[in-house]
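# Survey of secondary and tertiary structure
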Amino acid sequence: MRLFAFILIVAVIAVSTSRAQQQTAEQRFKNIQIFKGLPATQLEPTMAFISGSLGVRCNYCHVANQFDKDEKPTKLAARRMIQMVFNINKGNFNGQGAVSCYTCHRGKPAPVSVPLVGQNLWAPSSPSPSPAPLPSVKQILDRYELFFDVRTGLLVRRYTESETLLGKLPLQTDYEDYRDVGGIKQPFLIHWSMPGRTWGRKIDEIKQNVPLDDTKFNPPQK
Ligand code: HEC
Ligand code: HEC
């Protein structure tokens, strides 16, 4: 019955997302100065992108549960930085997201401006490289960012990148604890990870082809 609940939750989220998509960030939130016109549903992934790029948590810029407050100087700095990134991309890279927070910050609040000593200065003379061999099956699969267990052949990881206003936000999904469900191997432990965040779901029971009443997919009454 747990899967029942799980499917229902997914359905409800899907319905509420399609309704919410028409809302802009400034309609949904209280103090939007930069992200005006951004679909409201895009705000959270963009915030996750910023946090991951700086290697910080939400409270680095926000007062707990009062995200609209402008009390922390870091939030004000971030507003200037977001504007700067827009300007850099607009003025120099045809508006494409060539430069993002991560370009400079590399997972740290304070970027490093002084280059390391000794980089690229000296390298031992090495024999000329042989021509590149053809890619292996593994290399080809790596490009599709799906990872399989070499012994069992089961999918153990999936890696995707989704667009945010500021850059690509990576998401890694790990599948564990495969068990046989009516002749099909299904993972009972799933972990999702993105920069600075990880969460998971442990499944107790999976039933296949359970008849579902269509009315269960109706949006909840307000
Ligand atoms: C480096 C600073 C920084 C971090 C870290 C950060 N934010 Fe933000 N956040 C901002 C800025 C700047 C704005 C205002 C954007 C604007 O003015 O358009 C904002 C706005 C918001 C808003 C809208 C609030 C309102 O009512 O106006 C929410 C919600 C929010 N952030 C959630 C989060 C969450 C959740 C996290 C952690 C995953 C997070 N933020 C991490 C800088 C940050
Ligand atoms: C071109 C390089 C560059 C990019 C891109 C960049 N930053 Fe920065 N950021 C800096 C530098 C340099 C500093 C330190 C400034 C100083 O020390 O006065 C800084 C400082 C900050 C601070 C203040 C840290 C503190 O300790 O007070 C925040 C917050 C911040 N950046 C957020 C962002 C966010 C969010 C983005 C993406 C929207 C971003 N930055 C993109 C270079 C960059």
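My aim in this report is to walk through the structure given alongside it, one point at a time. (Residues numbered from 1 in each chain as written. Chains lettered and ligands numbered in written order. Predicted model: local features only at pLDDT ≥ 70, side-chain atom pairs only at ≥ 80, totals over all residues.)

### What to know about the overall build of the chain
Basically, it comes down to this: Elements are defined by DSSP. Helices are runs of H or I of four residues or more, strands are runs of E of two residues or more, and each kind is numbered from the N terminus. For the exposure call, what matters is how many other C-beta atoms sit within 10 Å of a residue's own: 20 or more marks it buried, 12 or fewer exposed, and in between partly exposed, using C-beta atoms placed from the backbone. A pair of residues counts as a contact when their C-beta atoms, built from backbone coordinates, are separated by no more than 7 Å.
Assigned secondary structure in the chain consists of six helices and five strands. Looking at the chain residue by residue over its 222 residues, the buried ones come to 7%. Contacts in the chain between residues at least 24 apart in sequence constitute 41% of all its contacts with a sequence separation of at least 6.

### As for the site of ligand 1
Our working definition: Only the C-beta atom matters for nearness: placed from the backbone, it must lie within 6 Å of the molecule or strand for the residue to count as near. In this classification, the charged set is Asp, Glu, Lys and Arg, the nonpolar set is Ala, Val, Leu, Ile, Met, Phe, Trp, Tyr, Cys and Pro, and all remaining amino acids, among them Gly, are polar.
The local shell around ligand 1 holds 24 residues, among which Phe29, Met47, Cys58, Cys61 and Asp68 are the closest. Looking at the shell around ligand 1, the elements with two or more residues in it are helix H3 (43–54) and helix H4 (73–92). By residue number, the principal contributor to the shell around ligand 1 is H3, which donates six residues. In terms of residue class, the shell around ligand 1 is built from 15 nonpolar, five polar and four charged.

### A look at the site of ligand 2
In the vicinity of ligand 2, 17 residues are found, and the nearest of them are Ala77, Ala78, Met81, Cys101 and Cys104. Elements that contribute at least two residues to the shell around ligand 2 include exactly H3, H4 and helix H5 (101–105). With six residues, H4 is the single largest residue contributor to the shell around ligand 2. Here the shell around ligand 2 is built from residues that sort into 14 nonpolar, three polar and no charged.

### Points about H3
Operational definition: What a helix is expected to span follows from its residue count: subtract one and scale by 1.5 Å.
In this model, H3 (12 residues) spans 17 Å end to end at C-alpha, consistent with the 16 Å of a helix rising 1.5 Å per residue. Taken together, the buried positions of H3 are occupied by Leu43, Phe49, Ile50, Ser51, Gly52, Ser53 and Leu54. Looking at the buried residues of H3, the elements they touch are helix H2 (25–28), H4, H5, strand S3 (168–181) and strand S4 (184–194).

### Focus: the sheet that holds S3
This is how the line gets drawn: Any two strands between which DSSP finds at least two bridges are classified as paired. The axes are straight lines fitted to the C-alpha atoms, using for helices just the contacting stretch, and the angles between their N-to-C directions are given from 0 to 180°.
If you trace the five strands from one edge of the open sheet to the other, you get S1-S2-S3-S4-S5, paired in antiparallel fashion. Sheet topology places strand S1 (146–148) and strand S5 (197–202) at the edges, where each strand pairs with a single neighbour. Sheet twist, expressed as the mean angle between neighbouring strand axes with direction ignored, is 20°. Sheet strands touched by H3: strand S2 (155–163), S3, S4 and S5. Its angle to S3, the strand with the most contacts, is close to 100°.

### Quick look at unusual backbone geometry
Positioned with a positive phi, Arg106 is a non-glycine residue whose angle comes to about 50°. As for its placement among the helices and strands, Arg106 is situated in the loop between H5 and helix H6 (137–143). Arg106 sits in the exposed class, given 12 other C-beta atoms within 10 Å. Look at Asp177: it is not a glycine, yet its phi comes out positive at around 55°. With respect to the helices and strands, Asp177 occurs in strand S3.

### A word on the nonpolar core
Threshold: Buried Ala, Val, Leu, Ile, Met, Phe, Trp, Tyr and Cys residues form a nonpolar core when they are connected through C-beta atoms within 7 Å.
By size, the foremost hydrophobic cluster in this structure holds seven residues: Phe49, Ile50, Leu54, Val85, Cys101, Leu165 and Leu166. With three residues, the top contributor of residues to this core is H3. In this structure Leu165 touches Leu38, Gln42 and Thr46, once residues within four positions along its chain are discounted.

### Describing the pairing of S3
Working note: regular strand, side chains alternate between the two faces of the sheet. Sheet topology note: the S2/S3 ladder contains seven bridges and is antiparallel. Bridge assignment links Glu163 to a residue of S3, and that residue is Lys168. As consecutive antiparallel partners, S2 and S3 are separated by four residues. With nine bridges joining them, S3 and S4 adopt antiparallel strand pairing. Looking at S4, one finds that Val181 is bridged to Ile184. Joining the antiparallel neighbours S3 and S4 is a turn of two residues, in which Gly182 adopts a positive phi near 55°.

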